[in-house]
Amino acid sequence: AGADIVLCVGGAQAIGCMAYGIEACEELGAAEVPACDVIVGPGNKWVTAAKSLVNGYCGIDMLAGPSEVLVIADHTADVEIVAADLIAQ
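The shown structure was predicted, so the numbers you read here are calculated from the model rather than taken from an experiment. (Residues numbered from 1 in each chain as written. Predicted model: local features only at pLDDT ≥ 70, side-chain atom pairs only at ≥ 80, totals over all residues. Heavy atoms only, no water.)

**Concerning the state of the cysteines**
Here is step 1 of the chain: With the rule as written, the count across this model stands at zero disulfides.
Here is step 2 of the chain: Of all cysteine sulfurs in the structure, the one in C36 sits closest to C17, which takes part in no disulfide; the separation is 8.9 Å.
Here is step 3 of the chain: In this structure C17 comes out as buried when scored by relative accessible area, which is 17%.
Here is step 4 of the chain: Sulfur of C25: no disulfide; nearest cysteine sulfur belongs to C17 and is 12 Å away. (Disulfide = S-S within 2.5 Å. Buried < 20%, exposed > 50% of the residue type's maximum accessible area, 1.4 Å probe, protein only.)

Listed below in structure tokens is the structure:
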């Protein structure tokens, strides 16, 4: 959908990293991360707090808290539907 880069990072520190960007650091083996346009996705209360701090500097989707899901199913449940419910979270 037009993404320039995909990162596998997490936590409040990742929000700051993505919002402001970081320079590459050969000593630490860290690659350059350019500042992003928009940060999306759920997180814990610390991620939500970090997203509220960078809101306006870059775009965010919303200030959402953590999501938890419980699926109660028995042997008659459609396995594909149960799996889709789980990965949708």
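**Thoughts on the packing of helix α1 (residues 12-20) against helix α2 (residues 45-54)**
Here is step 1 of the chain: Two elements in contact, α1 and α2, have axes separated by 8 Å at closest approach and are oriented at 25°. As summarised for this structure, α1 and α2 are arranged roughly parallel, according to the angle between their axes. Here α1 and α2 pass one another in a crossing that is right-handed. Here α1 contributes A12, I15, A19 and Y20 to the contact with α2, which in turn contributes W46, V47, A50, K51, L53 and V54. (Axes fitted to C-alpha atoms, helices over the stretch in contact; angles between N-to-C directions. Helix = DSSP H or I, 4+ residues; strand = E, 2+ residues; numbered from the N terminus. Parallel < 35°, antiparallel > 145°, perpendicular 65-115°, else oblique. Left-handed = near helix turned anticlockwise from the far one by under 90°. Contact = heavy atoms within 4.5 Å.)

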